Amino acid sequence: MNFDLRLPIGILFSIYGVLLIGYGLISDKAIYQRSLDININLGWGAVLLVFGASMLFMALKGVKKDK
Amino acid sequence: MKITLGPLDYAILIIYFLFVIGIGWVLKRRMKNSSDFLLSGRSIPAWVTGLAFLSANLGAQEVIGMAASGAKYGIMTSHFYWVGAIPAMVFLAIFMMPFYYGSKARSVPEYLKMRFDEKTRGLNAISFAVMTVFSSGISLHALAKLLELLMGWDYNECILISSIVVLVYIFLGGLTSAIYNEVLQFFMIVLGFAPLVYLALKDVGGWTALKEKLIPVATSQHFAPGTWTQSWTHMGANNDNPMGADWFTMVFGLGFVLSFGYWCTDFLVVQRAMAANSMSAARRTPLIAAIPKMLFPALVILPGMIAIAMHYGTSGGFLPLAKDGTPDFNQTIPVLLARYLPTGILGIGFTALMASFMSGMAGNVTAFNTVWTYDIYQSYIAPKQSDNHYLWMGRWATVVGILVSIGCAYLAREFNNIMDMLQLVFGFVNAPLFATFLLGMFWRRATGNGAFFGLLGGTVGAALFHGLSLAKGNIAGGIKGAWIAEKFHFNSDMAQNFTLAIVAWTSCFVLTILISLLTARNRSDEELAGLVYSLTPRPKAENEPWYMQPVTVGILVMIAVVILNIIFW
């Protein structure tokens, strides 16, 4: 039996989400000139976090089911 | 154009490497026999094999090559998906997977041995092994060249570092490790490139503005205004479009021969489906892959179209120029990354790029080590050894495969457009192969001798045609063709390759039929049960909901792809 792949995917993208959100909050606005003045780190970080968290959620639900 | 990574970007990249190696490390304990290592013990759920099926192909040729083609040929590049890949994947799922999975063959060459004979398997195994290390070398080369250019990193060091990462995780966790990492990479690519495409499209002013900006791109090259944004309208004659191919050459050459040849018989992708945990999961694998695959043009072709529109619309150009003064299409994605992504998200995009190269390479290496170990080593060099011995061999084949890839990477430095070169290689090896499989699976009278000499004839036919033909702007007598004589002329490398594929397929198809009729059958009807369509009982309709039934899903996928073709006609 292999381990549930949703677990590492969930962890990885949650970490990325948190990193980007954190950086999006503290970073200087000037760096977003190239991304058309959109704080893409904050916005996309949230997307990554939601994706990562839902993968984690499904993985944990899967573990419960197995038990 | 240089990309400068911040500390956060490096952190993102390093975290990714840690996860990749970590997955291999965790899986290491589970690698108990050669089947675990080389076949994943047929234990993987369909959604995982499906995304890996897609990802294994998502290497250099996809990300860099498709964006390059998007710039060079416009939306016509989508034919690789909507005429080529998707129908082929549906065909594989519905008609071919039952034989691959049901026959219990461990590899595509092994199926050929069961269906035909030893020599057909040997021919296929050897040519396939050569092709995979070649492809893996291309991936490696593309990555190193890119990093050298963008980051100022040393070419040799890039080759060394990326091959070591790939080596470590495959050496530890085998095929399962490669498959798991391919799924990780799939999400990385989608989530890493989506913001890039969003920003670039927004900057160019949306789809309608993009269409307008692509008009001067077409007219300045003496094509009709809509050539870059209409996929079928300009396929009437080969002079009407930058691909240099008419619709028949494209549909038959690219769609039927090359794409079906690649997606249905290339062990690199088929191996992912064969690792699935049941027949139903194996058949669903290509279908699960087909759904995101349909939408991939938005992720990989669209950036190329945007870049070329910007290039013509900006004074001083947007893309850097190649040595011959034309835009360097292979730099499309890196240029967009550097232009639009600030540090942070840049780390995600850059890591996605790195990931795609490495998994493209890993896919080839895992296919290579299976074919090498089972079809070449176990069959011809050291039969009847203990399974432990083959597990050991599988691991070391990984090392050798990567070493040979490195050699090929240096060879690949010679070529200009990666895509054109891959098509050439597939033309020689894969194009005739699909004829062999069609006849093998659907015509019980096809014999071992017919298959072997047909395959050989197809490959020779391809080589001869290559030696007699040349595309515009290329020098005769070399790797580009016409090394025998200059008989046939084409408007582009791509048109030459499509036609070459048609020639190879037709020679193999006709020769196999003729020789089969002249030689005695070497497999009885009983032996062919489970290997040939007419001699195999139909898989029973299982009590599955409609979205799990291969035929139903296959039909829906086909309808969707027809609609996409019509929208962008």
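Here the structure is a predicted model, which means the values were calculated and not measured. (Residues numbered from 1 in each chain as written. Chains lettered and ligands numbered in written order. Predicted model: local features only at pLDDT ≥ 70, side-chain atom pairs only at ≥ 80, totals over all residues. Heavy atoms only, no water.)

Once that is clear, we can look at the overall build of chain A. Within chain A, the secondary structure is distributed over two helices and zero strands. For 67 residues, the compact-globule formula gives about 11 Å, and the C-alpha radius of gyration of chain A, at 15 Å, lies well above that figure. The C-alpha extent of chain A, read off along each of the three principal axes, is 50 × 15 × 15 Å. The 67 residues of chain A split such that 39% are buried. Nonlocal contacts in chain A, meaning residues at least 24 apart in sequence, comprise 65% of its contacts between residues at least 6 apart. Accessible surface for chain A amounts to roughly 3,900 Å². Of this, 69% is attributable to carbon and sulfur atoms. Chain A carries 7 positive and 4 negative side-chain charges, and their two centres are separated by 10 Å. (Helix = DSSP H or I, 4+ residues; strand = E, 2+ residues; numbered from the N terminus. Rg over C-alpha atoms; globule rule 2.2 N^0.38 Å. Buried < 20%, exposed > 50% of the residue type's maximum accessible area, 1.4 Å probe, protein only. Contact = heavy atoms within 4.5 Å. Areas by Shrake-Rupley, 256 points an atom, 1.4 Å probe, with all protein chains shown as cover. Lys, Arg positive; Asp, Glu negative; His and termini not counted. Charge placed at Lys NZ, Arg CZ, Asp CG, Glu CD.)

Looking at chain B, the pLDDT average stands at 88 and 96% of residues meet or exceed 70. Confidence estimates for the predicted assembly give a pTM of 0.92 and an ipTM of 0.95. (pLDDT = per-residue confidence, 0-100.)

Residues and elements named next belong to chain B. For helix H11 (residues 267–274), the buried fraction is high: eight of the eight residues fall into the buried class. Among the residues of H11, Phe267, Leu268, Val269, Val270, Gln271, Arg272, Ala273 and Met274 are the ones counted as buried. Backbone nitrogen of leucine 268 and a side-chain oxygen of the N-cap are separated by 2.9 Å at the start of H11; the cap is aspartate 266. (Polar contact = N/O pair within 3.5 Å; in protein donor to acceptor, adjacent residues only side chain to side chain.)

Ranked by size, the top nonpolar core spans 214 residues in total, and within it Phe13(A), Tyr16(A), Tyr100(B) and Phe187(B) carry the most contacts. The dominant element in this core, judged by the number of residues it contributes, is helix H8 (residues 155–204) of chain B, at 23 residues. The contact partners of Tyr16(A), leaving out residues within four places of it in the chain, are Leu48(A), Ile12(B), Ile15(B), Tyr16(B), Met188(B), Ile348(B) and Thr351(B). (Core = buried A, V, L, I, M, F, W, Y, C linked by side-chain atoms within 4.5 Å.)

So, about the pattern of salt bridges. All names here are of chain B. Scanning the entire structure with this criterion turns up nine salt bridges over all chains. Between glutamate 118 and arginine 121 there is a salt bridge, with its nearest N and O atoms 3.0 Å apart. Taken together, the residues span about one helical turn, with glutamate 118 and arginine 121 both in helix H7 (residues 118–151) at a distance of three residues. In this structure glutamate 118 comes out as partly exposed when scored by relative accessible area, which is 31%. Assessed through its relative accessible area of 2%, arginine 121 is described here as buried. Ionic contacts of the salt-bridge type, sharing partners, join the residues Lys113, Glu118, Arg121 and Asp375 into one network. (Salt bridge = Lys/Arg side-chain N within 4 Å of Asp/Glu carboxyl O.)

Moving on, we come to the state of the cysteines. Residues and elements named next belong to chain B. Using the criterion set out here, one finds zero disulfides over all chains in the structure. Take cysteine 508: it sits in no disulfide, and the sulfur closest to it among the cysteines is that of cysteine 264, at 15 Å. By relative accessible area, which is 0% here, cysteine 508 ends up buried. (Disulfide = S-S within 2.5 Å.)

Our next topic: the packing of aromatic side chains. Residue and element names in this part refer to chain B. Evaluated as defined, the whole model comprises 42 aromatic pairs over all chains. Relative to phenylalanine 437, the ring of tyrosine 111 has its centre 5.8 Å away and its plane inclined at 20 degrees; by these criteria the two rings are stacked. Residue tyrosine 111 is located in helix H6 (residues 108–115), and its partner phenylalanine 437 is located in helix H17 (residues 418–442); the two are separated by 326 residues in the primary sequence. Plain terms: the ring middles of tryptophan 505 and phenylalanine 509 are 4.7 Å apart, the flat faces sit at 15 degrees to each other, and that makes the pair stacked. Residue tryptophan 505 and its partner phenylalanine 509 are both found in helix H19 (residues 493–518); the two are separated by four residues, about one turn of the helix. Taking the relative accessible area as the measure of exposure, tryptophan 505 reaches 8% and is therefore buried. Since its relative accessible area comes to 24%, phenylalanine 509 is described here as partly exposed. Above the ring of tyrosine 374, the side-chain terminus of arginine 106 is found at 3.8 Å from the ring centroid. (Phe/Tyr/Trp six-rings, centres within 6.5 Å; stacked < 30°, edge-to-face > 60°. Lys NZ or Arg CZ within 6 Å of the ring centre and 35° of its normal.)

Our next topic: the environment of Phe186(B). Topologically, Phe186(B) is positioned in helix H8. When the C-alpha atoms of Phe186(B) and Asp240(B) are compared, they prove to be 36 Å apart, with 54 residues separating the residues in sequence.

Right, let's get into the interface of chain A and chain B. With 27 residues of chain A at the interface, the matching set in chain B holds 36 residues. In total, about 2,900 Å² of surface goes out of reach between chain A and chain B, with carbon and sulfur atoms giving 80% of it. Linking chain A to chain B there are zero salt bridges. At the junction of chain A and chain B, the tally comes to seven residue pairs in polar contact (both at pLDDT 80 or more). Elements supplying a minimum of two residues to the side of chain A that touches chain B: helix H1 (6–26) and helix H2 (40–66) of chain A. Here the side of chain A that touches chain B takes eleven residues from H1(A), the largest share from any one element. (Buried area = accessible area lost by both parts, 1.4 Å probe.)

Residues and elements named next belong to chain B. Although it is not a glycine, serine 40 sits at a positive phi angle of roughly 60 degrees. In this fold, serine 40 is placed in the loop between helix H2 (34–39) and helix H3 (46–55). Exposure remark for serine 40: the relative accessible area of 2% places this residue in the buried category. Of note in this structure, histidine 222 is not a glycine but carries a positive phi near 65 degrees.

Residues and elements named next belong to chain B. By the element assignment, serine 469 lies in strand S1 (residues 469–471). Its relative accessible area of 0% is what places serine 469 among the buried residues. A distance of 2.9 Å separates the side chain of serine 469 from the backbone oxygen of phenylalanine 465, its partner in a polar contact. Separated by 3.0 Å, the side chains of serine 469 and glutamine 496 make a polar contact. Every residue in contact with serine 469, bar those within four places of it in the chain, is listed here: Lys480, Gly481, Ala482, Ala485, Phe488, Phe490 and Gln496.

Glancing now at a nonpolar patch on the surface. All names here are of chain B. Residues Trp546, Tyr547, Val551, Ile555, Leu556, Ile559, Ile563 and Ile567 make up a contiguous nonpolar surface patch of about 830 Å² in total accessible area. Among the secondary structure elements, valine 551 is positioned in helix H20 (residues 550–567). Residue classification places valine 551 among the partly exposed positions, given a relative accessible area of 43%. (Patch = residues over 30% accessible without salt bridge, like charges linked within 9 Å, V, L, I, M, F, W, Y side chains within 5 Å.)

Moving on, we get to the packing of helix H5 (residues 79–102) of chain B against helix H12 (residues 279–300) of chain B. All names here are of chain B. Packing of H5 against H12 brings their axes to within 8 Å, and their N-to-C directions diverge by 170 degrees. The angle between H5 and H12 falls in the class roughly antiparallel. Looking at the contact of H5 with H12 residue by residue, the classes come out as 22 nonpolar, one polar and two charged. (Axes fitted to C-alpha atoms, helices over the stretch in contact; angles between N-to-C directions. Parallel < 35°, antiparallel > 145°, perpendicular 65-115°, else oblique. Nonpolar A, V, L, I, M, F, W, Y, C, P; charged D, E, K, R; others polar.)

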